Amino acid sequence: VNLVLDNIRKFGETEVDSAKIDRDHAIPAELLEKMKQLGLFGLNIPEEYGGLGMSCSAYTRVMQEVASIDHSLAVTIGAHQSIGLKGILLFGTEEQKKKYLPKLATGERVAAFALTEPGAGSDAASIITRAELSEDGESYKLNGSKIWITNGGFADVFTVFARTSALDPGVKPRTTALIVERGAGFSNGPNEEKMGIRGSSTTELFFDDVHVPRENVLGEPGRGFKVAMEVLNSGRLGLASGCVGASKKLIAMSTARVKERKAFGRPIGQFGM
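Residues numbered from 1 in each chain as written. Predicted model: local features only at pLDDT ≥ 70, side-chain atom pairs only at ≥ 80, totals over all residues. Heavy atoms only, no water.

*Asks:* Give me the packing of aromatic side chains: which residues, what numbers.
*Replies:* Tallied over the entire structure, the rule returns four aromatic pairs. A centroid spacing of 5.1 Å and a plane angle of 45 degrees characterise the contact between Phe-186 and Phe-207, whose relative ring orientation is tilted. Of the two residues, Phe-186 is situated in the loop between β5 (175–181) and β6 (187–188) and Phe-207 in strand β7 (residues 202–213); the sequence distance between them amounts to 21 residues. Of the two residues, Phe-186 and Phe-207, neither departs from the other in class, the shared state being buried. Between the aromatic rings of Phe-264 and Phe-271, the centroid separation amounts to 6.4 Å while the plane-to-plane angle is 65 degrees, which identifies the pairing as edge-to-face. Take Phe-264: its relative accessible area is 81%, and that puts it in the exposed class. Feature note: the residues Phe-158, Phe-186 and Phe-207 constitute an aromatic cluster, connected by ring pairs. The ring of Phe-271 has Arg-266 lying over it, and the distance from NZ or CZ to the ring centre is 4.1 Å. (Phe/Tyr/Trp six-rings, centres within 6.5 Å; stacked < 30°, edge-to-face > 60°. Helix = DSSP H or I, 4+ residues; strand = E, 2+ residues; numbered from the N terminus. Buried < 20%, exposed > 50% of the residue type's maximum accessible area, 1.4 Å probe, protein only. Lys NZ or Arg CZ within 6 Å of the ring centre and 35° of its normal.)

*Asks:* Just give me the short version of helix α8 (residues 224–260), but keep the residues and values in it.
*Replies:* Taking 1.5 Å of rise per residue, 37 residues should cover 54 Å, and α8 covers 54 Å from first to last C-alpha, within 8% of that figure. Where α8 bends most, the angle comes to about 25 degrees, and this point is Gly-235. Listed as buried for α8 are Gly-224, Val-227, Ala-228, Val-231, Leu-232, Gly-235, Gly-238, Ser-241, Gly-242, Gly-245 and Ala-246. (Expected span 1.5 Å × (residues − 1). Bend = angle between axes of the 7 residues up to and from the residue.)

*Asks:* Describe the nonpolar core, with residues and values.
*Replies:* Counting 43 residues, the largest nonpolar core has Leu-40, Val-62, Leu-73, Leu-142 and Val-180 as its most contacted members. In terms of residue count, helix α4 (residues 56–69) provides more of this core than any other element does, six residues in total. Beyond its immediate sequence surroundings of up to four residues, Leu-40 is in contact with Ile-8, Met-35, Val-62, Val-66, Ile-77 and Gln-81. Leu-85, Ala-111, Ile-179 and Val-227 belong to the second-largest nonpolar core, a separate cluster that totals 25 residues. (Core = buried A, V, L, I, M, F, W, Y, C linked by side-chain atoms within 4.5 Å. Contact = heavy atoms within 4.5 Å.)

*Asks:* Any chance you could break down the pattern of salt bridges for me, citing the residues and the numbers?
*Replies:* Inspection of every chain in the model, using the stated rule, returns eleven salt bridges. Among the ionic pairs, Glu-65 bridges to Arg-9, the shortest N-O distance being 3.3 Å. Placement of the pair is Glu-65 in helix α4 and Arg-9 in helix α1 (residues 2–15), with a sequence separation of 56 residues. Judged by relative accessible area, Glu-65 falls into the buried class, the value being 11%. Note that Lys-103 and Glu-108 form a salt bridge whose closest N and O atoms lie 3.9 Å from each other. Residue classification places Lys-103 among the partly exposed residues on the basis of a relative accessible area of 39%. (Salt bridge = Lys/Arg side-chain N within 4 Å of Asp/Glu carboxyl O.)

*Asks:* Report on the side chain of Thr-60, specifying residues and quantitative values.
*Replies:* By the element assignment, Thr-60 lies in helix α4. Here Thr-60 is in contact with Leu-237 and Ser-241, once residues within four sequence places are set aside.

*Asks:* Describe a negative patch on the surface, naming the residues involved and giving the relevant values.
*Replies:* Together, Glu-135, Asp-136, Glu-138 and Glu-215 give the surface a local cluster of negative charge. Its place among the elements puts Glu-138 in the loop between β2 (130–133) and β3 (139–150). (Patch = residues over 30% accessible without salt bridge, like charges linked within 9 Å, V, L, I, M, F, W, Y side chains within 5 Å. Areas by Shrake-Rupley, 256 points an atom, 1.4 Å probe, with all protein chains shown as cover. Lys, Arg positive; Asp, Glu negative; His and termini not counted. Charge placed at Lys NZ, Arg CZ, Asp CG, Glu CD.)

*Asks:* Help me get a handle on the packing of α1 against α4, residues and values and all.
*Replies:* For the pair α1 and α4, interaxial distance at closest approach is 10 Å and the crossing angle is 10 degrees. Comparing their axes, α4 and α1 come out roughly parallel. Contacts between α1 and α4 involve Val-4, Leu-5, Ile-8, Arg-9 and Gly-12 from the former and Arg-61, Val-62, Glu-65, Val-66 and Ile-69 from the latter. In the contact of α1 with α4, the residues fall into six nonpolar, one polar and three charged. (Axes fitted to C-alpha atoms, helices over the stretch in contact; angles between N-to-C directions. Parallel < 35°, antiparallel > 145°, perpendicular 65-115°, else oblique. Nonpolar A, V, L, I, M, F, W, Y, C, P; charged D, E, K, R; others polar.)

In structure tokens form, the structure reads like this:
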């Protein structure tokens, strides 16, 4: 872990221009490529699938360091592995893991998590995006939309949650988690104009009769709520550690400032609040 942290610090000091990322509303392609070379897209993926196989504590320590450098970088890799591919790690079959994880570990493919809708967030039972099983039982037809999807503009593999029960108030809502690939034919909206983390991609997704093979179901059909909650419960650790890293950086910057700035002949840090 220490070697990875040292490499991240050097990377941040020599190659990351956070002000430019914020102005341009984008992370430069060469910066993303360097992050992939550092292994930052496969931190928590087991070594057998091409990742670094970090423990939970080691992963959160790395996320803390990345967030202290730039929030957009942290959000991009966090959405990729804290939640985007986490469903495959936790609920994927061996075939699904072998198919997706190696390329997700190298960053050749990027993941995203598609749960939120205008009327539903963590309340996954309220989603109305629908996946209807075909007559031959071989695929699902996906219709609906998602909002505020991090990495939505460029991700290749999406964990999408859709209702597989009828949209009837009298029917108990059942959702299913699906692995949906970019090539399935859905579209995304433009990147949202955000007040912060402006370099990260946040978009809407639109599904119009998108066919998803039945073998792309994550976990059990109709048990998508369990998948969503376990992924989010696990993924929050990455988010929390990023907040700790950012807070430590802000405290360090504030401390340096109050030692440097003077008023009435002494550093302002010597005055009370």
